[in-house]
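Listed below are the residues making up each chain.
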Amino acid sequence: MGAPHMEGLPREDYPLNPVNCDSWDGHLFVNLDPHSVPLAAQLEDLPQRFAAWRMRELRFHQRRTYEVAANWKFIVQNYNECLHCPVLHPALSRLTDYLSGENCNPRRGYIGGSMELKPGVETMSLDGKLGRDYLPGLSKTQRHEVHYYSIFPNLFLSLHPDYMMTHTLWPRAVDRTEIVCEWHFHPDEMAKANFRADDAVEFWDLTNKEDWRISEQSQAGVKSRAYRPGPYSAREGLPLAFDRMILEREAQSKQR
Ligand SMILES: [Fe+2]
């Protein structure tokens, strides 16, 4: 209701700020940047690439939130290379070989790649055994792969043979990030009386904490006066692409 002393003020000249909102296969994306590209243009081929996982059918099971004393960019870099896996992740390294799989060519809106499960391993869980049926729709090949994708700026999408895990990163300070990790499963599995998911949740909780700890150490190391940046190896093309994306966007934002 308009106040009498504001009569004649055109309300349409003072609207709430518009917000871009769009969805992809069950995921909702909100973008506050008025210059943002449409979601479909950012995702490029991802909708086709991951159509078989039928993500919109999956249902939320559990969420864990982590406070990490590191800049969010360290966490993205860490997620996008596995050279640290044999040293940092003994449980994970029993399931996938860090040199397996393939990275896709970095895109403007995302980076990522796949890893193959070792022979005899069925999924990423504490014992490597499938505690649930495969997601319906996956090919024989897809049942033996795990896909790890960073959709810029703050979504990690990890697709497994029998579940989906997501991380969202929420920068709280230059050296502090809140990370929300969520596990989603197929409703047919969740409806079963013997449904269990601790094998997947606890496996990733353990692995998450290993990654957060090393990211915190990266933060501490870079803060040191003795820090000197080193070169990336040939197997670190994804962190390199991420760095370039950040630099490019910083340059663009300065031009505005
Ligand atoms: Fe890791």
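Residues numbered from 1 in each chain as written. Predicted model: local features only at pLDDT ≥ 70, side-chain atom pairs only at ≥ 80, totals over all residues. Heavy atoms only, no water.

Asks: Please clarify how the nonpolar core should be interpreted in this entry.
Replies: Soluble, globular proteins show a tendency: their nonpolar side chains are buried together. Of all hydrophobic cores here, the largest spans 39 residues; its most connected members are Ile75, Met124, Tyr163, Trp183, Trp204 and Phe242. Beyond its immediate stretch of four places on either side in the chain, Phe242 contacts Trp72, Lys73, Val76, Gln77, Ile111 and Phe152. Within the second largest apolar cluster, 20 residues are counted, among which are Phe29, Trp53, Leu138 and Tyr149. (Core = buried A, V, L, I, M, F, W, Y, C linked by side-chain atoms within 4.5 Å. Buried < 20%, exposed > 50% of the residue type's maximum accessible area, 1.4 Å probe, protein only. Contact = heavy atoms within 4.5 Å.)

Asks: Whenever I open this one, the pattern of salt bridges confuses me. Can you help?
Replies: When the charged atoms of two side chains with opposite charge come close together, those side chains can pair. Applying the stated rule across the entire model yields 16 salt bridges. A salt bridge links Arg132 to Asp199; the nearest nitrogen and oxygen atoms lie 3.0 Å apart. Here Arg132, found in the loop between strand 4 (110–116) and strand 5 (145–151), pairs with Asp199, found in helix 7 (residues 198–223); they are 67 residues apart in sequence, far enough to count as distant. Given the relative accessible area of 4%, Asp199 is considered buried. One connected set of salt bridges, linked through shared partners, spans Glu44, Asp45, Arg49 and Arg107. (Salt bridge = Lys/Arg side-chain N within 4 Å of Asp/Glu carboxyl O. Helix = DSSP H or I, 4+ residues; strand = E, 2+ residues; numbered from the N terminus.)

Asks: Explain the pairing of strand 6 (residues 155–159) to me, please; I cannot follow it from the model alone.
Replies: If a strand is regular, its side chains alternate between the two faces of the sheet. Most of strand 6 is tucked away: five of the five residues are buried. Burial along strand 6 is two-sided: the residues Leu155, Leu157 and Leu159 and Phe156 and Ser158 are all buried. As defined by bridge partners, strand 5 adjoins strand 6 across five bridges and the pair is classed as antiparallel. Bridge pairing in strand 6 places Tyr148 opposite Ser158. Taking the residues that link successive antiparallel strands as the turn, the strand 5-strand 6 hairpin has three residues. (Pairing = 2+ DSSP bridges.)

Asks: How do you make sense of the pairing of strand 5 when you look at a structure like this?
Replies: Counted residue by residue, strand 5 has seven buried out of seven residues, so it is predominantly covered. The alternating pattern of strand 5 places Glu145, His147, Tyr149 and Ile151 and Val146, Tyr148 and Ser150 on opposite faces, both of which are buried. Pairing between strand 4 and strand 5: seven bridges, direction antiparallel. The residue of strand 5 that forms the bridge with Glu116 is Glu145.

Asks: Quick question: what am I supposed to make of the coordination of the iron ion here?
Replies: Put simply, the ideal angle at a metal is 109.5 degrees for four donors in tetrahedral geometry and 90 or 180 degrees for six donors in octahedral geometry. Protein coordination at the iron ion: the donors are His84 (NE2), His89 (NE2), Asp211 (OD) and Asp211 (OD), at 2.0 to 2.6 Å from the metal. With four donor atoms in place around the iron ion and angles of 54 to 149° between them, the coordination shape is irregular. For the iron ion, the donor residues sit on a single chain with the sequence spacing H-x4-H-x121-D. On the criterion of sequence distance, the pair formed by His84 in the loop between helix 3 (72–79) and helix 4 (85–88) and Asp211 in helix 7 is long-range, its members being 127 residues apart. Both residues of the pair, His84 and Asp211, count as buried. (Donors = N, O, S within 2.8 Å, 3.2 Å for Na, K, Ca; no water. Tetrahedral: all angles 85-135°; square planar, octahedral: opposite > 155°, others 65-115°.)

Asks: Is there a simple way to think about the state of the cysteines in this case?
Replies: By definition, a disulfide links the sulfur atoms of two cysteines through a covalent bond. Evaluation of the coordinates by the stated rule reveals one disulfide. No disulfide involves Cys104; its sulfur sits 16 Å from that of Cys82, the nearest cysteine. The exposure class of Cys104 is buried, given its relative accessible area of 10%. The closest cysteine sulfur to the non-disulfide-bonded Cys181 is located on Cys85, 16 Å from its own sulfur. Looking at Cys181, the relative accessible area reads 0%, which means it is buried. (Disulfide = S-S within 2.5 Å.)

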